[in-house]
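Each chain, written out:
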Amino acid sequence: MSDQPRRPHKTGKPYRRPQKDPVRILAFEALRAVDERDAYANLVLPPLLRKARDKGGFEARDAALATELVYGTLRRQGTYDAIIAECVDRPLREVDPPVLDVLSLGAHQLLGTRIPTHAAVSASVELARVVLGDGRAKFVNAVLRKIAQEDLDGWLAKVAPPYDDDPEDHLAVVHSHPRWVVSALWDSLGGGRAGIERLLEADNERPEVTLVARPGRSTAEELLHEESAVAGRWSPYAVRLSEGGEPGAVDAVREGRAGVQDEGSQLVALALANAPLEGRDEKWLDGCAGPGGKAALLAALAAVRGAVLLASEKQPHRAGLVAKALAGNPGPYQVIAADGTRPPWQPGSFDRVLMDVPCTGLGALRRRPEARWRRRPEDLEGFGPLQRGLLSTALDSVRVGGVVGYATCSPHLAETRAVVEDVLKQWPSAELVDARPLFPGVPELGEGPDVQLWPHVHGTDAMYLAVIRRTG
């Protein structure tokens, strides 16, 4: 080692190399991928964590902290943006996105975790030195020291308008949702302040990992032997990992006999499978099958009954995911890549049809928090014609006496009841079936005949289902 002193900095102090913190660098890389490539954190984070573990020295607690930093920052991005805007001398749009990501990570550590203030600031400044350079690290330091002067409640009192002056804007800032999303969710939910606040709070909570035991291949009892496993609330095939955990470490999941699937998604598939039919029950269709969770459960249920599932998905790469999910199913099935609005099958071919249509995904903001910032009200105009076309295809594809399940992972009325009502006007030979009896034991299902699930009521994604019978 050289005896020469380290070169002095401009201040006259010896230059100190920034300390690399692998947890915070990984969290920063994940946020940059979300911002730059429109990636989803649930797809970006796992390979980053695997790579870090493979290098060694990256423990389970490191992975847990990195995950909390990424998801916590994304969920509270709107709130943190409002707070950061109060602490900088320029509009946020003029702050470089990488700098804003470091500031947001720092704000979350200060306001959303139990990390001590000095540690949150110093770790964020060190991260800035590594990924941004010394000059911008000074800016980060100054901003975070301002943020550290108040706790979250103190900042919300400053940056959120009073509820009585503007209820929707107040809720948008406090609960970190775009104003238009708050308005849409409130319209769908109905009721007063308490319900919408509970829903928005539930969107910002970390959801449990939920597994599905595929009938004929696994059982809930088998999965309950896993560490921290508890029974699902409503689905007989659901098991929740109450303390998180790695699903890929579960034998049944690794072998394809079980999968990861939200309980609301399971309930939708089960409801369609159990809807009363007139006549035969041999051919089932999943018309928008990607990425394959509902299709895998339907295929397993169909196999137990001696029926056959056709799983159709427009995008070839997503059809490949469906094929992977269905591999090993005990009964016959088929996976094809086809456009559901121009189907290759004959009309009236199926006894049961599930059409889980593309949508804004506003019902799964717990799992994909970044989606709330990407979606725009005008997206509804793009989805609407497709959703109506797919439901019409479903009704054309089912035989007389058969049933169609129209499903979305969005509670937005423009994607749920409005679509069903519009299509049924064109289909006098179809009628709504009361779907509520198809969700046995599930409370608070509304006035029907359709069903809307809610994160704050049912602990599921906000799945919607309308069941329609073709009558002629």
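Residues numbered from 1 in each chain as written. Predicted model: local features only at pLDDT ≥ 70, side-chain atom pairs only at ≥ 80, totals over all residues. Heavy atoms only, no water.

(A) Structural detail: the overall build of the protein. When its secondary structure is counted, the protein shows 20 helices and 12 strands. C-alpha extents for the protein along the principal axes are approximately 90 × 55 × 40 Å. Looking at the protein residue by residue over its 472 residues, the buried ones come to 54%. Per element, the accessible surface of the protein, about 21,500 Å² overall, is 50% carbon and sulfur. Looking at the protein, you have 59 positive and 64 negative side-chain charges, and the mean spots of the two groups are 6 Å apart. (Helix = DSSP H or I, 4+ residues; strand = E, 2+ residues; numbered from the N terminus. Buried < 20%, exposed > 50% of the residue type's maximum accessible area, 1.4 Å probe, protein only. Areas by Shrake-Rupley, 256 points an atom, 1.4 Å probe, with all protein chains shown as cover. Lys, Arg positive; Asp, Glu negative; His and termini not counted. Charge placed at Lys NZ, Arg CZ, Asp CG, Glu CD.)

(B) Molecular detail of the sheet that holds strand S1 (residues 209-213). Spatial ordering of the open sheet is given by S2-S3-S1-S4, a layout of 4 strands whose pairing is antiparallel. Only two strands of the sheet have a single partner each, and these edge strands are strand S2 (229-231) and strand S4 (258-260). Each strand of the sheet is rotated relative to its neighbour by a mean of 30°, with strand direction disregarded. Strands in contact with helix H14 (residues 263-274) are S1 and strand S3 (238-241); relative to S1, the strand with the most contacts, it is inclined by about 30°. (Pairing = 2+ DSSP bridges. Axes fitted to C-alpha atoms, helices over the stretch in contact; angles between N-to-C directions. Contact = heavy atoms within 4.5 Å.)

(C) Fine view of helix H3 (residues 60-75). Here H3 contains 16 residues, and its C-alpha end-to-end distance of 22 Å stays within 8% of the 22 Å for a straight helix at 1.5 Å per residue. Looking only at H3, the buried set comprises Asp62, Ala63, Ala66, Leu69, Val70, Tyr71, Gly72, Thr73, Leu74 and Arg75. The inward-facing, buried residues of H3 abut helix H1 (22-37), helix H2 (41-55), helix H4 (77-87), helix H5 (97-111), helix H11 (193-203) and helix H17 (371-374). (Expected span 1.5 Å × (residues − 1).)

(D) Layout of the layout of surface pockets. Size it by volume and the second largest pocket reaches roughly 520 Å³. Every residue lining the second largest pocket is counted, 17 residues in all, and those nearest its centre are Asp35, Gln77, Asp81, Asp101 and Trp373. Within the residue set of the lining of the second largest pocket, elements represented by two or more residues are H1, H4, H5 and H17. (1 Å grid on protein atoms, 1.4 Å probe; cavity = no way out; pocket = protein on both sides within 12 Å on 5 of 7 lines; lining within 4 Å. Points joined across faces, edges and corners; volume = space filled by probe spheres on them.)

(E) Examining the pattern of salt bridges more closely. Inspection of the entire model under this criterion finds 34 salt bridges. Salt-bridge contacts for aspartate 38 lead to arginine 374; the nearest nitrogen and oxygen are separated by 3.8 Å. Of the two residues, aspartate 38 sits in the loop between H1 and H2 while arginine 374 sits in helix H17, which places them 336 residues apart along the sequence. Take arginine 374: its relative accessible area is 24%, and that puts it in the partly exposed class. Residue arginine 90 is joined to aspartate 89 by a salt bridge in which the shortest nitrogen-to-oxygen separation is 3.2 Å. With a relative accessible area of 34%, arginine 90 lands in the partly exposed category. A relative accessible area of 66% means that aspartate 89 is categorised as exposed. Taken together, the shared-partner salt bridges connect Arg32, Asp35, Glu36 and Asp101 into one network. (Salt bridge = Lys/Arg side-chain N within 4 Å of Asp/Glu carboxyl O.)

(F) Structural context of the packing of H3 against H5. With their axes 9 Å apart at the nearest point, H3 and H5 run at an angle of 100° to one another. As judged from the angle between their axes, H3 and H5 are roughly perpendicular. On H5, the residues touching Glu68, Leu69, Gly72 and Thr73 of H3 are Ser104, Leu105, His108 and Gln109. The class makeup of the residues in the contact of H3 with H5 is 2 nonpolar, 5 polar and 1 charged. (Parallel < 35°, antiparallel > 145°, perpendicular 65-115°, else oblique. Nonpolar A, V, L, I, M, F, W, Y, C, P; charged D, E, K, R; others polar.)

(G) Broad picture of unusual backbone geometry. The linkage connecting glycine 290 with the following residue, proline 291, adopts the cis geometry, with an omega of 0°. With respect to the secondary-structure elements, proline 291 resides in the loop between strand S5 (283-286) and helix H15 (293-305). A positive phi angle is found at aspartate 38, which is not glycine, with a value near 55°. Here the phi dihedral of serine 176 falls at roughly 60°; this positive angle occurs in a residue that is not glycine. One can find serine 176 in the loop between helix H9 (167-175) and helix H10 (179-189). A residue is classified by how much of its surface remains accessible, and serine 176, at 0% relative accessible area, is buried.

(H) Spotlight on H1. For H1, built from 16 residues, the straight-helix expectation of 22 Å at 1.5 Å per residue is met to within 8% by its first-to-last C-alpha distance of 22 Å. Buried within H1 we find Val23, Arg24, Ile25, Leu26, Ala27, Phe28, Ala30, Leu31, Arg32, Ala33 and Val34. Looking at the buried positions of H1, the neighbouring elements they touch are H2, H3, H5, helix H6 (117-131) and H17. Capping of H1 at its N-terminal end is provided by aspartate 21; its side-chain oxygen lies 3.0 Å from the backbone amide nitrogen of valine 23. Just beyond H1, the residue with positive phi is aspartate 38, at close to 55°. (Polar contact = N/O pair within 3.5 Å; in protein donor to acceptor, adjacent residues only side chain to side chain.)

(I) Fine view of the packing of aromatic side chains. This structure, assessed with the given rule, holds 2 aromatic pairs. Between tryptophan 345 and phenylalanine 350, the ring centres sit 5.9 Å apart and the planes meet at 85°, which makes this aromatic pair edge-to-face. As far as burial versus exposure is concerned, tryptophan 345 and phenylalanine 350 are alike and both buried. Aromatic side chains tyrosine 406 and tyrosine 464 sit 6.4 Å apart centroid to centroid with 75° between the ring planes, which places their arrangement in the edge-to-face category. Here the residue tyrosine 406 occupies a position in strand S9 (residues 398-408), and tyrosine 464 occupies one in strand S12 (residues 464-470), the gap between them amounting to 58 residues. (Phe/Tyr/Trp six-rings, centres within 6.5 Å; stacked < 30°, edge-to-face > 60°.)

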